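A look at the structure
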2 protein chains.
Amino acid sequence: MTISEVSEKYGLSADTLRYYEKAGLIPQVRRRESGIRDYSEADCGWVEFIKCMRGAGLSIETLVEYVNLYQKGKRTERKRRNLLVAERDRLKAKMEEMAKTLERLNYKIKVYDTKILSCEKDLLARKE
Amino acid sequence: MTISEVSEKYGLSADTLRYYEKAGLIPQVRRRESGIRDYSEADCGWVEFIKCMRGAGLSIETLVEYVNLYQKGKRTERKRRNLLVAERDRLKAKMEEMAKTLERLNYKIKVYDTKILSCEKDLLARKE
DNA sequence: GTTTGACTTGGATTTAACTCAAAGTAATAT
DNA sequence: ATATTACTTTGAGTTAAATCCAAGTCAAAC
């Protein structure tokens, strides 16, 4: 797959894909003799994984570390696991914070709805 | 309350508090004759509200708009309500995305745990 | 066979949200 | 009274994460 196909498929610009690769967010993609990137299934898997993790707010720095460990082989499994656990916990905490804010927003909206409703009632009453 | 007290109370730097005020994220704080900010209860309420909303990822731009509407009075209630609904929906969507990623992380961790466990078993077996 | 379009690299620019620095004034502690 | 601390303003610098640009190469369509 060419970079533009991958870009299309995952909704990431070619610039971003090259940037991710250069930064070490995904392993080096193999090239044709001409030097053009040819994304394998595995490469696409990485792109998708990284897109997903970035979408949840994991930092590039952290993900680079994960990929680094991955490339060092089986010896690093425990470290990788621990890195994921730490990120999982951070994500969970963030979601809990957001859940509280969501509730707060819902409450505020309800208050506004009552306010607006009572205001409309007033207007109607005045019409009679 | 002085700026440093508010800073302490909410864990936002004095710089950030001044920045928020200047940017219109919170209404103008009243000053003493000397020109020093003197945060009222209401001001603190705003600071806390903004901190909470920023923590959930609402943009400064959006919050500035909300505060602007608020300062224009009752006439803007419906607009404020609609703004909050839009942000609530965005937040909800974000949380759903994050929930999926959380599940994915949990699954990956589980896979690592099995891998690591089976590796340890191997080592033990070899000892005998 | 030349024009078009996709690709390459490396470096510069952008954006959001702070964060810091410089230069100066005012209040407080000793 | 003087030294320290907290505050003021304006404007510059920082950070993360892209995103864009320039200059150039290559393959393919017409």
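Everything that follows concerns the structure shown earlier in this document.
Conventions used here
Residues numbered from 1 in each chain as written. Chains lettered and ligands numbered in written order. Predicted model: local features only at pLDDT ≥ 70, side-chain atom pairs only at ≥ 80, totals over all residues. Heavy atoms only, no water. Contact = heavy atoms within 4.5 Å. Buried area = accessible area lost by both parts, 1.4 Å probe. Salt bridge = Lys/Arg side-chain N within 4 Å of Asp/Glu carboxyl O. Polar contact = N/O pair within 3.5 Å; in protein donor to acceptor, adjacent residues only side chain to side chain. Helix = DSSP H or I, 4+ residues; strand = E, 2+ residues; numbered from the N terminus. Nonpolar A, V, L, I, M, F, W, Y, C, P; charged D, E, K, R; others polar. Buried < 20%, exposed > 50% of the residue type's maximum accessible area, 1.4 Å probe, protein only. Arc of directions from axis to C-beta. Axes fitted to C-alpha atoms, helices over the stretch in contact; angles between N-to-C directions. Parallel < 35°, antiparallel > 145°, perpendicular 65-115°, else oblique. Left-handed = near helix turned anticlockwise from the far one by under 90°. Near = heavy atom within 4 Å. Least-squares fit on C-alpha atoms with pLDDT ≥ 70 in both.

1. Describing the interface of chain B and chain A
Taken together, the 34 residues of chain B in the interface contact 34 residues of chain A. Between chain B and chain A, the buried area comes to about 3,600 Å², and carbon and sulfur atoms account for 67% of it. On inspection of chain B and its partner chain A, the count reaches eight salt bridges. For A:Glu77, the salt bridge goes to B:Lys115, with nearest N and O atoms at 3.9 Å. Our enumeration of links across chain B and chain A arrives at 14 residue pairs in polar contact (both at pLDDT 80 or more). Elements represented by at least two residues in the side of chain B that touches chain A include exactly helix 3 (41-55) and helix 5 (77-127) of chain B. When residues of the side of chain B that touches chain A are assigned to their parent elements, the largest contribution, 27 residues, is made by helix 5 of chain B. Of the residues belonging to the side of chain B that touches chain A, the class tally is 16 nonpolar, three polar and 15 charged.

2. With respect to helix 2 (residues 14-23) of chain A
All names here are of chain A. Inspection of helix 2 places Leu-17, Tyr-20 and Glu-21 among the buried residues, and these make up the whole buried set. For helix 2, the angular spread of buried residues about the axis comes to 95 degrees, placing them on one side. Summarising the geometry of helix 2, the exposed residues directed more than 90 degrees from the buried face are Asp-15 and Lys-22. The inward-facing, buried residues of helix 2 contact helix 1 (3-10), helix 3 (41-55) and helix 4 (60-71). Downstream of helix 2 by one or two residues, Gly-24 has phi in the positive range, about 90 degrees.

3. Considering the packing of helix 5 (residues 77-127) of chain A against helix 5 of chain B
It is the contact of helix 5 of chain A with helix 5 of chain B, at a shortest axis distance of 7 Å, that shows an interaxial angle of 160 degrees. In terms of orientation, helix 5 of chain A and helix 5 of chain B fall into the roughly antiparallel class. Helix-helix and strand crossings are classified by hand; for helix 5 of chain A and helix 5 of chain B the assignment is left-handed. Tallied by class, the residues present in the contact of helix 5 of chain A with helix 5 of chain B amount to 22 nonpolar, four polar and 24 charged.

4. Brief notes about the protein's contact with DNA strand C
Neighbouring DNA strand C are 16 residues; A:Ser4, A:Arg18, A:Arg37, B:Asp15 and B:Ser34 lie closest to it. Taking the atoms of DNA strand C that fall within 4 Å of the protein, sugar and phosphate contribute 73% of them. Measuring from a phosphate oxygen of DNA strand C, one finds a side-chain N or O atom of A:Arg18 at 2.7 Å. A distance of 3.3 Å separates a phosphate oxygen of DNA strand C from a polar atom in the side chain of A:Arg31. Of all the secondary-structure elements, those providing two or more residues to the surface near DNA strand C are helix 1 and helix 2 of chain A together with helix 2 (14-23) of chain B. Residues belonging to the surface near DNA strand C are distributed by class as follows: four nonpolar, six polar and six charged.

5. Some remarks on the relation of the copies chain B and chain A
In the superposition of chain B on chain A (RMSD 0.1 Å, axial shift 0.0 Å), the rotation amounts to 180 degrees. Expressed as an axis order, the relation between the two copies is that of a two-fold axis. Taking C-alpha positions as reference, the residue of chain B nearest the rotation axis is B:Met95, located at 3.3 Å. Of the interface residues in chain B, 100% have counterparts in chain A that sit at the interface too, so the contact is made through matching surfaces.

6. Things to note about the packing of helix 1 (residues 3-10) of chain B against helix 2 of chain B
Residues and elements named next belong to chain B. Interaxial distance between helix 1 and helix 2 falls to 9 Å at its minimum, and their mutual angle equals 105 degrees. When the axes of helix 1 and helix 2 are compared, the pair comes out roughly perpendicular. Two secondary-structure elements touch here, helix 1 through Ile-3, Val-6 and Ser-7 and helix 2 through Ala-14, Leu-17 and Arg-18. Residues of the contact of helix 1 with helix 2, tallied by class, amount to four nonpolar, one polar and one charged.

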